[in-house]
Amino acid sequence: MLLLADSGSTKVDWCYIDSQYEQTRFQSMGMNPYNITIENLHKEIKEQVIPNLPKMYANNEVKPIKEMYFYGSGCSTPQKKKEMQDAFKQYLPGTPIHIEDDLLGAARATCGHKSGVAAILGTGSNSCLYDGKKITENLPSLGYVLCDEGAGTNIGKLVLRNYLRGQFPKDLHEEFRKENPGEEADFLNRLYQGEVPNYYLASFAKFAISRQTHPYCYSLIEEAFDNFFKMQVTQYTDYNKEPINVVGSVGFHAQEVFKDVAKRYNMPVNKVIKAPMDALIEYHLTK
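Conventions and cut-offs
Residues numbered from 1 in each chain as written. Predicted model: local features only at pLDDT ≥ 70, side-chain atom pairs only at ≥ 80, totals over all residues. Heavy atoms only, no water. 1 Å grid on protein atoms, 1.4 Å probe; cavity = no way out; pocket = protein on both sides within 12 Å on 5 of 7 lines; lining within 4 Å. Points joined across faces, edges and corners; volume = space filled by probe spheres on them. Helix = DSSP H or I, 4+ residues; strand = E, 2+ residues; numbered from the N terminus. Axes fitted to C-alpha atoms, helices over the stretch in contact; angles between N-to-C directions. Parallel < 35°, antiparallel > 145°, perpendicular 65-115°, else oblique. Contact = heavy atoms within 4.5 Å. Nonpolar A, V, L, I, M, F, W, Y, C, P; charged D, E, K, R; others polar. Salt bridge = Lys/Arg side-chain N within 4 Å of Asp/Glu carboxyl O. Buried < 20%, exposed > 50% of the residue type's maximum accessible area, 1.4 Å probe, protein only. Disulfide = S-S within 2.5 Å. Left-handed = near helix turned anticlockwise from the far one by under 90°. Expected span 1.5 Å × (residues − 1). Arc of directions from axis to C-beta. Pairing = 2+ DSSP bridges.

**What to know about the layout of surface pockets**
Part 1: Its boundaries defined by the atoms lining it, the largest pocket holds a volume of some 1,600 Å³.
Part 2: Around the largest pocket, the lining comprises 50 residues; the ones closest to its centre are Ser 9, Asp 102, Thr 123, Gly 124 and Tyr 199.
Part 3: At four residues, the largest contribution of residues to the lining of the largest pocket is made by helix 8 (residues 197-203).

**Let's talk about the packing of helix 3 (residues 102-111) against helix 13 (residues 277-285)**
Part 1: Packing of helix 3 against helix 13 leaves a shortest axis separation of 8 Å and a crossing angle of 75°. By the angle between their directions, the pair helix 3 and helix 13 is classed as roughly perpendicular. For the pair helix 3 and helix 13, contact is made by Gly 105, Arg 108 and Ala 109 and by Ala 279, Leu 280, Tyr 283 and His 284, respectively.
Part 2: Counted by class, the contact of helix 3 with helix 13 contains four nonpolar, two polar and one charged residues.

**A closer look at the pattern of salt bridges**
Part 1: With the rule as written, the count across this model stands at 14 salt bridges.
Part 2: Among the salt bridges present, the one from Glu 256 reaches Lys 259, with a minimum N-O distance of 4.0 Å. Here Glu 256 pairs with Lys 259, and both are found in helix 12 (residues 255-264), just three residues apart, close to one helical turn.
Part 3: Among the residues examined, Lys 259 registers a relative accessible area of 29% and is labelled partly exposed.

**Quick look at the environment of Ala 202**
Part 1: Residue placement: Ala 202 occurs in helix 8.
Part 2: Exposure remark for Ala 202: the relative accessible area of 13% places this residue in the buried category.
Part 3: C-alpha of Ala 202 to C-alpha of Thr 123: the two residues are 79 residues apart in sequence and 5.9 Å apart in space.
Part 4: Among all residues touching Ala 202, those that are not within four sequence positions of it are Thr 123, Gly 152 and Thr 153.

**Digging into unusual backbone geometry**
Part 1: We note that Asp 238 has phi near 50°; this positive angle belongs to a residue other than glycine.
Part 2: Tracing the backbone through its elements, the reader meets Asp 238 in the loop between helix 10 (215-231) and strand 11 (244-247).
Part 3: With a relative accessible area of 45%, Asp 238 lands in the partly exposed category.

**Remarks on the state of the cysteines**
Part 1: With the rule as written, the count across this model stands at zero disulfides.
Part 2: Residue Cys 15 stays outside any disulfide, its sulfur separated by 19 Å from that of Cys 75, the closest cysteine.
Part 3: Classification of Cys 15 as buried rests on a relative accessible area of 0%.

**Here we look at the packing of helix 5 (residues 152-164) against helix 10**
Part 1: Packing of helix 5 against helix 10 brings their axes to within 9 Å, and their N-to-C directions diverge by 135°. One finds that helix 5 runs oblique with respect to helix 10. You can see that helix 5 and helix 10 cross each other, and the crossing is right-handed. Residues Asn 154, Ile 155, Leu 158, Val 159, Arg 161 and Asn 162 of helix 5 form the contact with helix 10, whose own contacting residues are Tyr 216, Leu 220, Ile 221, Glu 223 and Ala 224.
Part 2: Taken together, the residues of the contact of helix 5 with helix 10 sort by class into seven nonpolar, two polar and two charged.

**Remarks on helix 1 (residues 38-49)**
Part 1: With 12 residues, helix 1 ought to run about 16 Å at 1.5 Å a step, and its terminal C-alpha atoms sit 15 Å apart, in line with that.
Part 2: Among the residues of helix 1, those classed as buried are Leu 41, His 42, Glu 44, Ile 45 and Val 49. One side of helix 1 holds all its buried residues, which, seen down the axis, span an arc of 160°. In helix 1, those exposed residues whose orientation departs by more than 90 degrees from the buried face are Glu 39 and Lys 46.
Part 3: For helix 1, the secondary structure elements touched by its buried residues are strand 2 (11-17), strand 3 (23-29) and helix 2 (78-89).

**Things to note about the sheet that holds strand 2**
Part 1: Spatial ordering of the open sheet is given by 3-2-1-6-7, a layout of five strands whose pairing is mixed. Of all the strands in the sheet, just strand 3 and strand 7 (97-101) have a single pairing partner and so form its edges. Within the sheet, the average angular offset between the axes of one strand and its neighbour, ignoring direction, is 15°.
Part 2: Contacting strand 1 (2-7), strand 2, strand 3 and strand 6 (67-72), helix 13 runs over the sheet at an angle of about 145° to strand 1.

Note that all results are geometric; they support no functional claim without further evidence.
Written as structure tokens, this is what we have:
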């Protein structure tokens, strides 16, 4: 019996696998320890996770789940890992609980047991060099204000900046204006004074990605991906001796542009997936 979780800031995808390899899938609210209070974390586990787990009885006692692997954003430091582990232990006594960073989850999902460069290209971005067992090199992601090259926040920033500066071609300018009515002050107030500005910025990436065959939108996405390779991937030792693998909605939906940019850096693109759960299941069942 195995319990897997892929956690972002907005939602967690769960999969419980029983001894007959039958799967039970469900979702809960995001459990990034930087974004959720301890009280709300306990509430979510108690109300949304535990009730979805089948109770297995042996000698009239609940039989513990064999192992739990939780791959989550915000779970890279020992302190945050311990916070998450302590919370789950209260509800899953006797179960070995492994709390891991979402980047290791991306590496295991895309590279499996082989070495390679693994990347997350979703709302935010991150990357690493992976030897088939563990992450050997990783640059700090530093978030959307400083970095997030190639991510939705990065592409969205380019889209919004160029629109507000009047640099869009006329056809795209009109399309953007109709889809996103408002004056400059409306956008800036929402960006600098509203909640979750990273998600607000990332929402504009959809405009370019949905029009990626348009030369101007292609160039914006290309610029973001080129910065991703330049500022992240090329910093790893012998980076172009390994294939690159990607997980995340931005990388998935704009993968043709990504592959074009990867060619310039002499890097073969191996696996590109939107979400890691199916591949994580395969990884752990073949482990």
